[in-house]
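Below, each chain spelled out in residue letters.
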Amino acid sequence: AEHTSSEGLASGSDPEASLGGESRSIDSLESFSNLNSCPSSDLNSEGLEERGLALALQGEYGAEDAKPTGVKDRAAGQSIYHIKWIKWREEKTPIITQNENGPCPLLAIMNVLLLAWKVKMPPMMEIITAEQLMEYLGDYILETKPKEISEAQRLNYEQNMSDAMAVLHKLQTGLDVNVKFTGVRVFEYTPECIVFDLLDIPLYHGWLVDPQMRDIVKAVGNCSYNQLVEKIISCKQSDNSELAGEGIVAEQFLNSTATQLTYHGLCELTSTVQEGELCVFFRNNHFSTMIKFKGQLYLLVTDQGFLTEEKVVWESLHNVDGDGNFCDSEFRLRPPSDPETVYRGQQDQIDQDYLMALSLQQEQQSQDLQWEQLPEGISDLELAKKLQEEEDRRASQYYQEQEQEQAAAAAAQPGTGTAAGPGATASPGKPSSGERKVKKEPKEKDKSKLEEKTKKKKV
């Protein structure tokens, strides 16, 4: 259902005013199911389902929420999420961010529905409460109920609806999802999984055993995670050496795959997820919105720290370590914050560093060659003269470079003169005494050469 802006908590609005009214989520669901206007005798199975869904959402917030005096307390205790608007497939689309690294499957589910444009939000809406998210989800469930189905399908749907209602309140905290290590869509059956079936949202994981590791395959078998933990404990207490060995192998597998994603699982995910498919990825008790684009998997970035980062929308899932690459909404790698200046500045610095290193290398090679060509019988006076000539050459080269740099700067800014002052640079060709002193000091290598020549002379 497309809500008006008054239903959302818009930017700059009063939270208490936006949350006003008596139990908004209940009223919204009752408006769809007409529970207040329909006599109980006229309620068919459809009405009962909708009443059940309304009661399930009511149980999430408590019956006392309908009282006006409880509005302030309810708002204070609710989780508030910030909305990030992105340009998704040429359309402005909201995604829900979170300020805590919690499991929160509600956000993953809602972001799938938002990116698929199955749920719409008012433009410019910036924050939303957990209650309002549950309201949007409840309205979507009621609207997507199948119309023309067989009796068997209707009974199956009613059972799924009943199971989903029992766990709907857990969407804000965490669902009891128990993976099996044999397939990316294989989970132990729990009522929580029914929520994803009801919403027609695929749920994946990547914690698989490589079938080539036969000892691990044998130790893990068809166990779910909970069953495997129990098996490890049992095997450790067994006197049977074979069982004890399986327990050790199974425990090593869990320890070595603590990230809950294996490379075999990553390969299976890449081949199983359909191109462009929006789904939910479960890992480390965390639910993430996932998509496949041009053969590569991406996870939606929902960290509130990136709320204002327009270029950070997706993160690539290409290894098991979790260090993916950030991309924008069109899956382009995140560029530098200012491409025109940052990249050019970095490239200029690289060029300058390279030229400086090349110049120093050539200078060092020239010096080494000159020292090697010195005759053995050279006097101390001649050696000192050569050192002085070398230092004079360096000083001359240094001042020429300084003069060229100043001339280039003056050419770039015509008409501007350099005022003499405390910070003025000494004029070219007239070095200060401090500069002359520094230039007259021979390098350490030259000193060592001089000392070596002196020792030879004494001998």
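Everything here concerns the structure above.
Residues numbered from 1 in each chain as written. Predicted model: local features only at pLDDT ≥ 70, side-chain atom pairs only at ≥ 80, totals over all residues. Heavy atoms only, no water.

With respect to the overall build of the chain
Now for step 1: Looking only at helices and strands, the chain has 16 helices and ten strands in total.
Now for step 2: Put simply, the chain has 459 residues, and 39% of those count as buried.
Now for step 3: Considering only intrachain contacts with a sequence separation of at least 6, the fraction spanning at least 24 residues in the chain is 64%. (Helix = DSSP H or I, 4+ residues; strand = E, 2+ residues; numbered from the N terminus. Buried < 20%, exposed > 50% of the residue type's maximum accessible area, 1.4 Å probe, protein only. Contact = heavy atoms within 4.5 Å.)

Points about the packing of helix α7 (residues 151-167) against helix α8 (residues 191-199)
Between two packed helices, both the angle of their axes relative to each other and the distance between the axes serve to describe the pair.
Now for step 1: Between α7 and α8, whose axes approach to 8 Å, the crossing angle comes to 120°. Between α7 and α8, the crossing angle belongs to the class labelled oblique. Note on packing geometry: the crossing formed by α7 with α8 is left-handed. Here Tyr-157, Asn-160, Met-161, Asp-163, Ala-164 and Val-167 of α7 lie close against α8, whose contacting residues are Pro-191, Glu-192, Ile-194, Val-195 and Leu-198.
Now for step 2: Among the residues making up the contact of α7 with α8, the classes are represented as eight nonpolar, one polar and two charged. (Axes fitted to C-alpha atoms, helices over the stretch in contact; angles between N-to-C directions. Parallel < 35°, antiparallel > 145°, perpendicular 65-115°, else oblique. Left-handed = near helix turned anticlockwise from the far one by under 90°. Nonpolar A, V, L, I, M, F, W, Y, C, P; charged D, E, K, R; others polar.)

Digging into unusual backbone geometry
Glycine aside, residues mostly have negative phi, and peptide bonds are mostly found in the trans state.
Now for step 1: The backbone of Asp-200 shows a phi angle near 60°, a positive value even though the residue is not glycine.
Now for step 2: Here Asp-200 lies in the loop between α8 and β5 (203-204).
Now for step 3: Non-glycine residue Asn-285 carries a positive phi angle of around 60°.
Now for step 4: Considering the arrangement of structural elements, one finds Asn-285 in the loop between β6 (278-283) and β7 (286-293).

Looking at the pattern of salt bridges
Now for step 1: One pass over the full model with this rule turns up ten salt bridges.
Now for step 2: For Lys-170, the salt bridge goes to Glu-192, with nearest N and O atoms at 3.2 Å. Linking Lys-170 in the loop between α7 and α8 with Glu-192 in helix α8, this pair joins segments that are 22 residues apart in sequence.
Now for step 3: Its relative accessible area of 29% is what places Lys-170 among the partly exposed residues.
Now for step 4: Among the charged side chains, a salt-bridge network with shared partners connects Glu-151, Arg-154 and Glu-158. (Salt bridge = Lys/Arg side-chain N within 4 Å of Asp/Glu carboxyl O.)

Overview of the sheet that holds strand β9 (residues 314-316)
Now for step 1: The sheet built from six strands is open, its strands ordered β5-β6-β7-β8-β9-β10 with mixed pairing. Lying at the two open borders of the sheet, with one neighbouring strand each, are β5 and β10 (326-327).
Now for step 2: In this structure, β6 lies alongside β7, joined through six bridges in antiparallel fashion. Counterpart to Val-280 in the pairing with β7 is Thr-289.
Now for step 3: Packed onto the sheet, helix α5 (residues 105-115) meets β6, β7, β8 (296-300) and β9 and runs at close to 25° relative to β7. (Pairing = 2+ DSSP bridges.)

Just geometry here; none of it tells us what the structure is for.
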